[in-house]
Amino acid sequence: MTGPTPPTLPVGFVAGPDPAPRLDQLATPALLVDRVRLERNIATTAAAIAGAGVALRPHVKTSKCWEVARRQLEAGAVGFTCSTPAEVSWLLGHGVEDLFWAHLPVGPAKVAFAVEAAATGRVLLEVDSLEVALPLAEAAAAAGVVAPYLLEIDTGQGRTGIDPDDALALLDALADRPSLRCRGITTHEGQLTGYAGVEERGRVGRGVGAGMVALAERLRAAGHPVEIVSVGSTPGAASVPFSPGVTEARPGTYVYSDLTQIRLGSGRLEDAALTVLGRVVNRSRDGRAILDAGTKAMSMDAFGALGGLGLVCDLHLQPLPDVVFEQGNEEHGFLTGRGVAALHVGDLVRIVPNHACGTENMWSRVHVVDEGTEHPGVSEVWAVEARH
Ligand SMILES: Cc1ncc(COP(=O)(O)O)c(C=O)c1O
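Here the structure is a predicted model, which is why all the values come from computation and not from measurement.

(A) Here's a closer look at the sheet that holds strand S2 (residues 55-56). Strand order in this open sheet of eight strands is S2-S9-S8-S7-S6-S5-S4-S3, and the pairing throughout is parallel. The two strands at the open ends of the sheet, each matched to only one other strand, are S2 and strand S3 (80-82). In the sheet, strand S8 (residues 228-231) pairs with strand S9 (residues 248-249) via two bridges, with the strands oriented parallel. When the sheet's bridge partners are listed, serine 230 is paired in S9 with glutamate 248. Contacts from helix H3 (residues 85-93) reach S3, strand S4 (99-101) and strand S5 (123-127), with the element oriented near 165 degrees to S4. In the packing of helix H4 (residues 108-119) onto the sheet, contacts are made with S4, S5 and strand S6 (147-152), and the angle to S5 comes to roughly 140 degrees.

Okay, structure coming up:
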């Protein structure tokens with residue numbers, strides 16, 4: 001097919017221009033990462049987890065961005081936690097030596113992938129029941145592979161994971177399967193997002209850590225070598241890994257500190273490193289401004305009963321008073337509240353997303369912003385990879 005040359009897409013820019021493009025020169029919506037905040041978040045959490053005396057194995061699903069992951073490794077991360085085969089194979093391709101695929105390999109395609117991943121000697125698997133473990137054991141035996149795994153424990157989230165009281169029976173039942181090797185236990189204390197008070201969350205988090213350590217001791221006493229006691233979340237990062245006997249922590253969201261963390265007090269607004277840049281495109285109705293950023297820019301994750309799609313701020317990340325990001329269509333965002341009276345068509349806003357991981361996964365690249373000037377410039381574009 002021939003035809004007129006299509007116009008150049010008004011997105012992004014060619015890296016290395018001088019001066020760097022200003023935010024008001026970018027096509028919107030655009031996903032922005034603030035370099036100073038990102039690097040500070042990475043360093044602060046690395047120091048805190050080192051202070052707990054445990055290894056840091058961050059969850060890579062938050063960024064899916066090698067430039068972020070590389071900085072985490074440089075700050076001392078021992079490796080990464082992954083959710084999907086795509087994340088595992090992407091990081092193996094980058095030569096990362098120590099991965100934990102923290103999901104259950106169920107179904108022939110994932111079992112085959114799990115065995116291949118285990119054969120690299122660089123990937124730990126996860127198991128939480130006989131139904132998950134047995135097909136894996138058989139496939140690993142057929143391939144002549146010993147697959148190392150962590151037993152997932154449900155410490156209160158109610159998602160996957162075995163009840164702590166049933167863990168010993170499962171390990172006993174798997175003891176005659178030489179193609180599987182249990183290296184320890186793991187939990188994701190996601191239930192901590194349900195505790196808004198920092199103190200109560202800390203108390204519950206310390207209980208989760210202590211419970212995991214006590215379980216590890218019971219399993220060892222029954223003859224199961226439990227080397228790894230792995231916990232992981234951003235709301236729990238200040239408490240759960242601090243129980244003596246925990247060996248590793250797996251927070252993920254801390255690199256960006258989204259609105260969920262800010263509302264919980266496990267992050268601060270001045271740490272919010274990931275934002276969506278949008279522009280007002282319509283003000284024709286009183287009390288409402290329409291943005292060019294909707295659910296495909298933000299993801300649909302809501303923050304509990306508070307709802308909304310994120311915190312609406314000015315270019316310097318000061319929240320706009322009385323402006324609510326009430327809802328979105330795919331490419332349209334609905335801002336309401338008394339404060340929209342001050343907005344005009346063409347105005348730029350930056351939105352701190354409810355959930356950084358879901359938002360980043362909507363995008364294939366991020367624009368890196370270096371703050372500090374009236375119009376913070378964009379200095380680099382980083383790829384978001386392994387999204388599926
Ligand atoms: C298994 C597992 N580990 C670690 C994390 C990281 O937790 P957070 O997003 O609170 O940093 C998650 C997040 O969903 C997870 O599912």
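(B) View of the side chain of serine 243. Note that serine 243 resides in the loop between S8 and S9. Note on serine 243: relative accessible area 8%, which makes it buried. Those residues in contact with serine 243 that sit more than four places away from it in its chain are Arg206, Gly209, Ala210 and Val213.

(C) Just the environment of arginine 35, in detail. Counting through the fold element by element, arginine 35 comes out in helix H1 (residues 35-51). For arginine 35, the contacting residues outside a window of four places in its chain are Arg71, Val368, Val369, Asp370, Ser379, Glu380 and Trp382. Looking at arginine 35, its side chain comes within polar contact range of the side chain of glutamate 380, at 3.0 Å.

(D) Structural view of the domain arrangement of the chain. Structurally, the chain comprises domain 1 (23-33 + 267-383) and domain 2 (38-252). Inter-centroid distance (C-alpha atoms) of domain 1 to domain 2 is 33 Å. Opposite the eleven residues of domain 1 that make contact, domain 2 presents twelve residues. Taken over both partners, the interface formed by domain 1 and domain 2 buries close to 920 Å², and the fraction arising from carbon and sulfur atoms is 55%. Considering only the side of domain 1, the residues that lose the most area to domain 2 are Cys357, Glu360 and Trp382, jointly responsible for 50% of the buried surface there. Salt-bridge contacts for arginine 40 lead to aspartate 271; the nearest nitrogen and oxygen are separated by 3.4 Å.

(E) The arrangement of the packing of aromatic side chains in detail. Summed over all chains, the structure comprises one aromatic pair. Taking the centre distance of 5.5 Å and the plane angle of 85 degrees together, the rings of tryptophan 101 and phenylalanine 113 count as edge-to-face. With tryptophan 101 in strand S4 and phenylalanine 113 in helix H4, this residue pair connects regions lying twelve residues apart in the sequence.

(F) Just H4, in detail. Taking 1.5 Å per residue, twelve residues should reach 16 Å; H4 reaches 17 Å between its end C-alpha atoms and fits that length. Considered for burial, the residues of H4 that qualify are Val111, Phe113, Ala114, Val115, Ala117 and Ala118. Where the residues of H4 are buried, they touch H3, S4, S5, helix H5 (130-143) and S6. Backbone geometry just after H4 places glycine 121 at a positive phi near 75 degrees.

(G) Fine view of the pattern of salt bridges. A complete count under the given rule lists 20 salt bridges for this structure. A salt bridge links aspartate 34 to arginine 37, with the nearest nitrogen and oxygen atoms 3.9 Å apart. Of the two residues, aspartate 34 and arginine 37, neither departs from the other in class, the shared state being buried. Glutamate 227 is the salt-bridge partner of arginine 183, the closest N and O atoms lying 2.8 Å from each other. Here the residue arginine 183 occupies a position in strand S7 (residues 180-186), and glutamate 227 occupies one in the loop between helix H7 (198-221) and S8, the gap between them amounting to 44 residues. Residue classification places arginine 183 among the partly exposed residues on the basis of a relative accessible area of 23%. Look at glutamate 227 and you get partly exposed, because its relative accessible area is 37%. A cluster of three or more residues bridged by salt bridges with shared partners is formed by Glu39, Glu67, Arg70, Arg71 and Glu74.

(H) Molecular detail of helix H6 (residues 167-174). Residues of H6 that are buried include every one of Ala167, Leu170, Leu171 and Leu174, and no others. Along H6, the residues classed as buried sweep out an arc of 95 degrees about the axis, all on the same side. Where H6 is buried, its residues touch S5, H5, S6, S7 and H7.

(I) Quick look at the site of the ligand. Taken together, 13 residues surround the ligand, and among them Arg159, Thr234, Arg250, Gly252 and Thr253 come closest. In the model, an oxygen atom of the ligand is placed 3.1 Å from a nitrogen or oxygen of the lysine 61 side chain. Take threonine 234: an N or O atom from its side chain is 2.6 Å from an oxygen atom of the ligand. For the ligand, whose accessible area on its own is 390 Å², the fraction buried by protein is 90%. Residues that form the shell around the ligand fall into these classes: three nonpolar, seven polar and three charged.

(J) Examining the packing of H1 against helix H2 (residues 66-74) more closely. One can describe the packing of H1 onto H2 by two numbers: an axis separation of 10 Å at closest approach and a directional angle of 40 degrees. The interaxial crossing formed by H1 with H2 has right-handed handedness. Only Val68, Arg71 and Gln72 of H2 make contact with H1, whose side of the interface consists of Arg35, Leu38, Glu39 and Ile42. Broken down by class, the residue content of the contact of H1 with H2 amounts to three nonpolar, one polar and three charged.

(K) Here's a closer look at the side chain of glutamate 248. Note that glutamate 248 resides in strand S9. Not counting the four nearest positions on each side in its chain, glutamate 248 is found in contact with Val54, Ala55, Arg57, Ile228, Val229, Ser230 and Val231.

Procedures and definitions
- Residues numbered from 1 in each chain as written.
- Predicted model: local features only at pLDDT ≥ 70, side-chain atom pairs only at ≥ 80, totals over all residues.
- Heavy atoms only, no water.
- Pairing = 2+ DSSP bridges.
- Helix = DSSP H or I, 4+ residues; strand = E, 2+ residues; numbered from the N terminus.
- Contact = heavy atoms within 4.5 Å.
- Axes fitted to C-alpha atoms, helices over the stretch in contact; angles between N-to-C directions.
- Buried < 20%, exposed > 50% of the residue type's maximum accessible area, 1.4 Å probe, protein only.
- Polar contact = N/O pair within 3.5 Å; in protein donor to acceptor, adjacent residues only side chain to side chain.
- Domains from an automatic or database assignment.
- Buried area = accessible area lost by both parts, 1.4 Å probe.
- Salt bridge = Lys/Arg side-chain N within 4 Å of Asp/Glu carboxyl O.
- Phe/Tyr/Trp six-rings, centres within 6.5 Å; stacked < 30°, edge-to-face > 60°.
- Expected span 1.5 Å × (residues − 1).
- Arc of directions from axis to C-beta.
- Near = heavy atom within 4 Å.
- Areas by Shrake-Rupley, 256 points an atom, 1.4 Å probe, with all protein chains shown as cover.
- Nonpolar A, V, L, I, M, F, W, Y, C, P; charged D, E, K, R; others polar.
- Left-handed = near helix turned anticlockwise from the far one by under 90°.

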